[in-house]
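# Topology and contacts: notes
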Amino acid sequence: MILPIVAYGDSVLRKKAEEITKDYPNLNELIDNMYDTMYGAYGVGLAAPQIGLPIRLFLVDTEPFSEDESHTEEEKQQLKAFKQTFINAKILEEEGDEWAFNEGCLSIPDVREDVFRQPKIKIQYQDENFDTHVKEFDGLIARVIQHEYDHIEGVLFTDKLSSFKKRLIKGKLANISKGKIKIDYKMKFPLMKKKR
């Protein structure tokens, strides 16, 4: 089932999310719905706060990036095969020289900006079966994980922009929170005027 994605300006996107246990109600159904929602919006990642739930859960599927001709065959294969659910994740290390990549966010449609992040991460997380893993990722996969991880920490990619860039997109962000935007997936807008 496709769920509405919460738009910029909603307070749930600013909360530090809570850990969950394996008896969280209807967790498998929630994860399935989140994948449906992410694919329905052509996303490569989705975090629970983006559907209004302040819990430490996000998913990543980097397959759409595997079409990009600028990647090596090996990178394409890695991106094509990477699909993972992250529960109660904690980034343990980030390292390397920061690099820029043009990021967007399903909660902030039509805003894309270069964001600097470190290329390598070490992360501890639980999968759908609540088995714990500690893994290292780099490149685009690490980048998508970092972006989704920020969501469960109450951070948005726009927070990482310079104050000049923030001023440039201020009007756009205000319009998004009021629902003054054309999108082709279901969204919930915090400041949208209720129709009488």
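Thresholds applied
Residues numbered from 1 in each chain as written. Predicted model: local features only at pLDDT ≥ 70, side-chain atom pairs only at ≥ 80, totals over all residues. Heavy atoms only, no water. Helix = DSSP H or I, 4+ residues; strand = E, 2+ residues; numbered from the N terminus. Buried < 20%, exposed > 50% of the residue type's maximum accessible area, 1.4 Å probe, protein only. Polar contact = N/O pair within 3.5 Å; in protein donor to acceptor, adjacent residues only side chain to side chain. Core = buried A, V, L, I, M, F, W, Y, C linked by side-chain atoms within 4.5 Å. Contact = heavy atoms within 4.5 Å. Salt bridge = Lys/Arg side-chain N within 4 Å of Asp/Glu carboxyl O. Phe/Tyr/Trp six-rings, centres within 6.5 Å; stacked < 30°, edge-to-face > 60°. Lys NZ or Arg CZ within 6 Å of the ring centre and 35° of its normal. Patch = residues over 30% accessible without salt bridge, like charges linked within 9 Å, V, L, I, M, F, W, Y side chains within 5 Å. Areas by Shrake-Rupley, 256 points an atom, 1.4 Å probe, with all protein chains shown as cover. Lys, Arg positive; Asp, Glu negative; His and termini not counted. Charge placed at Lys NZ, Arg CZ, Asp CG, Glu CD.

What follows is about the side chain of glutamate 103. Among the structural elements, glutamate 103 can be located in strand β5 (residues 99–105). The class of glutamate 103 is buried, set by a relative accessible area of 4%. Looking at glutamate 103, its side chain comes within polar contact range of the side chain of arginine 117, at 2.7 Å. Side chain to side chain, glutamate 103 and arginine 143 meet in a polar contact 2.8 Å long.

Formed by 36 residues in total, the largest nonpolar core has its most connected members in Leu27, Met34, Leu46, Leu57 and Ile108. Secondary-structure elements contributing two or more residues to this core are β1 (5–6), α1 (27–40), β3 (57–61), β6 (108–117) and α4 (163–177). In terms of residue count, the dominant contributor to this core is α1 (6 residues). In this view, leucine 57 contacts Leu27, Leu30, Ile31, Met34, Ala47, Ala48, Pro49, Thr85, Phe86, Ile87 and Ile152; residues no more than four positions away in its chain are not counted. Phe58, Phe86, Ala89 and Ile145 belong to the second-largest nonpolar core, a separate cluster that totals 21 residues.

On to the pattern of salt bridges. As enumerated under the stated definition, the model contains 13 salt bridges in all. Note that glutamate 103 and arginine 143 form a salt bridge whose closest N and O atoms lie 2.8 Å from each other. Of this pair, glutamate 103 sits in strand β5 while arginine 143 sits in helix α3 (residues 139–152), placing them 40 residues apart in sequence. In this pair, the class of glutamate 103 matches that of arginine 143, namely buried. The closest approach of N and O atoms between aspartate 150 and arginine 117, which form a salt bridge, is 2.9 Å. On the criterion of sequence distance, the pair formed by aspartate 150 in helix α3 and arginine 117 in strand β6 is long-range, its members being 33 residues apart. Arginine 117 carries the same exposure label as aspartate 150, and that label is buried.

Now for the packing of aromatic side chains. Summed over the entire model, instances satisfying the criterion amount to 7 aromatic pairs. Measuring from ring centre to ring centre gives 6.0 Å for phenylalanine 65 and phenylalanine 101, while their planes differ by 85°; the resulting arrangement is edge-to-face. You can see phenylalanine 65 sitting in the loop between β3 and α2 (73–81) and its partner phenylalanine 101 sitting in strand β5, a full 36 residues away along the chain. An aromatic cluster is built from Phe58, Phe82, Phe86, Tyr125 and Phe137, whose rings are joined through pairwise contacts. Over the ring of tyrosine 35 we find lysine 83; its NZ or CZ atom is 4.7 Å from the centre of that ring.

This part covers a negative patch on the surface. There is a patch of like negative charges on the surface, built from Glu74, Glu75, Glu136 and Asp138. Going through the elements one at a time, α2 and β8 (132–138) are the ones with two or more residues in the negative patch. By the secondary structure assignment, aspartate 138 is in strand β8.

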